Structures are given as structure tokens and as C-alpha cells.
Amino acid sequence: MDEAAVPDELARLWRIATESRLGRPAKLDVGQVVDAAVALADREGLAAATLPKVAESLGVTKMSLYRHVGSKDELLALMQDAAAGPVPSSLDGTGPWRERLRLWAYEQRAFLARHPWIATAPVSGPPRGPNLIGWFDAGLRTLRPTGLDWGAKVGVVMLVGEYVRGNAQLTQGLEASRSETGEDQAAAEQAYGRAMAALVSAERFPDAAALFASATFEDTGPDTAQDDFDFGLDLILDGVAAAVEG
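None of the values given here were measured: they were computed from a predicted structure.

Visitor: How would you summarise the overall build of the chain if you had to cite specific residues and measurements?
Guide: Scanning the chain from terminus to terminus reveals 12 helices and 0 strands. Scanning the chain from its N terminus toward the C terminus, one meets helices and strands in the order α-α-α-α-α-α-α-α-α-α-α-α. Against the globule reference of 18 Å for 246 residues, the chain gives a C-alpha radius of gyration of 23 Å, more extended than a compact globule. With respect to the principal axes defined by its C-alpha atoms, the chain has extents near 75 × 50 × 30 Å.

See the structure below:
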């Protein structure tokens, strides 16, 4: 590999040394800066992971960070790749593509639950760092037995990944809303269904009115979120299966 042709931001993302080893060793490295930023985001949310706060947590000046991170956008890319982490060993095996792709989605959902801020972070392009490329590679690998072409495989991986990300965003929003009221999910859904049943008229919204008049929002339980996730994922996998069979 011609390391000289690699842009500085990608070199830092892949931890390729670009500086001379001569002179006084730096007190920090990219990894320490990124770890501090991820810790801030995990504790206080993405908005807290600013360069000044990262510098303060490390006991250095903000300007000293620019030796390791070129910009706020670059820091975010570094954080996302670091927080994603290496692909778990559970995805190393082989087997039916549907089972493997479902597991890939579950593992993605798990790391988004560990680092909720990733789901709401801006997306500026395709994966570029080694960890996120690893997740992308693992997703493609689940589709090896399908016979789909590369374009279709990329589309499937992107679709499933965006479904998981969107579900994580929705879950976070609902949890934040419930934390303000102190209600659990079942109580919140029941209150919503009853309120809408009183407001939504059959003359104006016939199908919505029929929904709210049913027992759908009364019969919710503690596993509704998981059931909803699985339902949506199964619909996507059914569509992939149709493409594979076609």
C-alpha cells in the first residue's frame, strides 16, 4: 500500500503513522483522544463530545488536539468507528443467509444500544474506518450463498442497517418521552390508544378509528418493542428472500 497517497484523515482513522518518530514523543495519541470523546458521548450525549470538553477531560488545551484530530467532523468519524468496535465472533460462522443476516441485525442493534448517540449522529457517507468496514464486510458475507450480485448485496446490507438505525432512533425517542412521564411502554401505549379513540372519528378517519376502537393498544406487553423490531425485520428478510428466489 502506498501510505503516502492516503489522506491524513484516513491515515488517522486506520492508525497509519504519518509523523516522524524524531523529537519529543507526544503526550497523547489519536486513540486516547477518541476514547475520551466516546466516553463523553456515552455519558452525556453526542452534543457533549466537543473538542473543548474532550481537551478538558484529558487535561490539555483544545489546540493540542489538532495534532491528532483535524476537525470536529473527523472526530465524529473516529468516534463512530471506535464505538462500533470489532465485529463480534458470533458473526464469524457460516449458515443459512437469513439466520446470519438476522444475527447481523441483532448485533448491530446491540452496539447501538451500548452507544445510543451513534443512531442520531449525522451520516456523511459510506463506511471508511476499519471497524465499520468490518461490519459491512460481515453483512456482505451473510449473503454469500444467495447468488445476488454485488449491487443487490450492498443494497440489502444498507437497507437492513438503516432499518436497525431507524428503529434505534425511534426507541430512544419513545424512551425519552416515557422517562418524562414515568410510564412504562404498555401504559404509554394504552394512554395513547384511549386518547385517540376519543378524538378520531370514523367519518373523518375510518380505518384509523377502527384501529383505535380495537384492543390493539390495550393488549400490549413488555416485549412489544422486540416484537415490533422482529416484525419489521421479517418483512425485509421476506423481500430479500423473494429477490434471492427470483
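That covers the picture; the talk isn't over yet.
Visitor: Summarise the UniProt feature "domain: HTH tetR-type" (unreviewed entry) in the chain; cite the residues concerned and give the values.
Guide: Feature annotation in UniProt places "domain: HTH tetR-type" (unreviewed entry) on residues 27-87, given in this structure's numbering. Secondary structure over residues 27-87 splits into 66% helix and 0% strand, and the C-alpha atoms at its two ends are 30 Å apart.

Visitor: Please provide a residue-by-residue account of helix 9 (residues 150-181), values included.
Guide: Between the first and last C-alpha of helix 9 there are 47 Å, a value that for 32 residues agrees with the 46 Å anticipated at 1.5 Å per step. Packing partners of the buried residues in helix 9 comprise helix 6 (97-114), helix 7 (117-120), helix 8 (130-142), helix 10 (185-199) and helix 12 (224-245). Measuring from the backbone nitrogen of Gly-151 back to the side-chain oxygen at the start of helix 9 gives 3.2 Å, which picks out Asp-149 as the cap. Remark: Gly-182 follows helix 9 within two positions and exhibits a positive phi of approximately 80°.

Visitor: Any chance you could break down the packing of helix 2 (residues 30-44) against helix 5 (residues 72-84) for me, citing the residues and the numbers?
Guide: Running from amino to carboxyl end, helix 2 crosses helix 5 at an angle of 80°, the nearest separation of the two axes being 9 Å. In terms of orientation, helix 2 lies roughly perpendicular with respect to helix 5. In this structure, helix 2 contributes Val-30, Val-33, Val-34, Ala-37, Val-38 and Ala-41 to the contact, and helix 5 contributes Leu-75, Leu-78, Met-79, Ala-82 and Ala-83. Split into classes, the residues belonging to the contact of helix 2 with helix 5 amount to 11 nonpolar, no polar and no charged.

Visitor: Could you give me a rundown of the side chain of Thr-142, with the residues and numbers involved?
Guide: Position of Thr-142 among the secondary structure elements: in helix 8. Within the structure, Thr-142 has its side chain in polar contact with the backbone oxygen of Gly-139 (distance 2.6 Å). Discounting residues that sit within four places of it in the chain, Thr-142 has contacts with Trp-97, Arg-100, Leu-101 and Trp-104.

Visitor: Just give me the short version of the nonpolar core, but keep the residues and values in it.
Guide: Core analysis: the largest hydrophobic core is formed by 50 residues, its most contacted members being Val-54, Leu-75, Met-79, Leu-101, Trp-104, Trp-117 and Val-160. For this core, the elements supplying multiple residues, two or more each, are helix 2, helix 3 (51-58), helix 5, helix 6, helix 7, helix 8, helix 9 and helix 12. Ranked by residues supplied to this core, first place goes to helix 2 with 8 residues. Not counting residues within four places of it along the chain, the set of residues in contact with Leu-75 comprises Val-33, Ala-37, Ala-49, Leu-51, Val-54 and Val-69.

Visitor: Please give an account of the pattern of salt bridges that cites residues and values.
Guide: Here the structure, examined in full by the defined rule, presents 7 salt bridges. For Arg-12, the salt bridge goes to Glu-74, with nearest N and O atoms at 2.5 Å. In this pair, Arg-12 is assigned in helix 1 (residues 8-13) and Glu-74 in helix 5, connecting sequence segments 62 residues apart. In this pair, the class of Arg-12 matches that of Glu-74, namely buried. For Arg-102, the salt bridge goes to Asp-230, with nearest N and O atoms at 3.9 Å. Of this pair, Arg-102 sits in helix 6 while Asp-230 sits in helix 12, and the two are 128 residues apart along the sequence.

Visitor: Give a detailed account of helix 10, specifying residues and quantitative values.
Guide: At 3.6 residues per turn, the α-helix brings residues three or four places apart onto the same side. For helix 10, with 15 residues, the first-to-last C-alpha span of 21 Å sits near the 21 Å given by 1.5 Å per residue. Of all the positions in helix 10, only Gln-185, Ala-186, Glu-189 and Gly-193 are classed as buried. Along the axis of helix 10, the buried residues cluster in a sector spanning 95°; they form a single face. Every exposed residue of helix 10 that faces more than 90 degrees away from the buried side is listed here: Arg-194, Ala-198 and Leu-199. Against the buried residues of helix 10 lie helix 9, helix 11 (206-213) and helix 12.

Cut-offs and rules
Sequence order as written defines residue numbering, which begins from 1 separately in each chain. For this predicted model, a pLDDT threshold of at least 70 governs which residues receive local features, and a threshold of 80 or more governs which side-chain atom pairs are given and counted, while totals over whole chains, interfaces and linings are taken from all residues. Side-chain numbers come from the whole structure's heavy atoms, not from hydrogens or water. Numbering of helices and strands runs from the N terminus, with a helix taken as a DSSP run of H or I at least four residues long and a strand as a DSSP run of E at least two residues long. Between the two quantities, the radius of gyration covers C-alpha atoms and the globule rule is 2.2 Å times the number of residues to the power 0.38. UniProt positions are given in the numbering used here, feature names are shortened, and annotations may be inferred rather than shown by experiment. Here, expected helix span is obtained from the residue count minus one, scaled by 1.5 Å. Any two residues whose heavy atoms approach within 4.5 Å are treated as being in contact. Polar contacts here mean pairs of N or O atoms no more than 3.5 Å apart (in protein, one a potential hydrogen donor and the other a potential acceptor; neighbouring residues in sequence count only if both atoms are side-chain atoms). To obtain an axis, a line is fitted to C-alpha atoms, over the contacting stretch when the element is a helix, and the angle between two such axes runs from 0 to 180 degrees between their N-to-C directions. What sets the label is the angle itself: under 35 degrees gives roughly parallel, over 145 gives roughly antiparallel, 65 to 115 gives roughly perpendicular, and the rest give oblique. Residues were grouped as follows: Ala, Val, Leu, Ile, Met, Phe, Trp, Tyr, Cys and Pro as nonpolar; Asp, Glu, Lys and Arg as charged; and all remaining residues, including Gly, as polar. In this description, a nonpolar core means a group of buried Ala, Val, Leu, Ile, Met, Phe, Trp, Tyr and Cys residues linked to one another through side-chain atoms lying within 4.5 Å. Here's how the labels work: a residue is buried when its accessible area is under 20% of the maximum for its type, exposed when over 50%, partly exposed in between, all with a 1.4 Å probe on protein chains only. Salt-bridge detection follows one rule: a side-chain nitrogen of Lys or Arg within 4 Å of a carboxyl oxygen of Asp or Glu. Arc definition: directions from the helix axis to the C-beta atoms.

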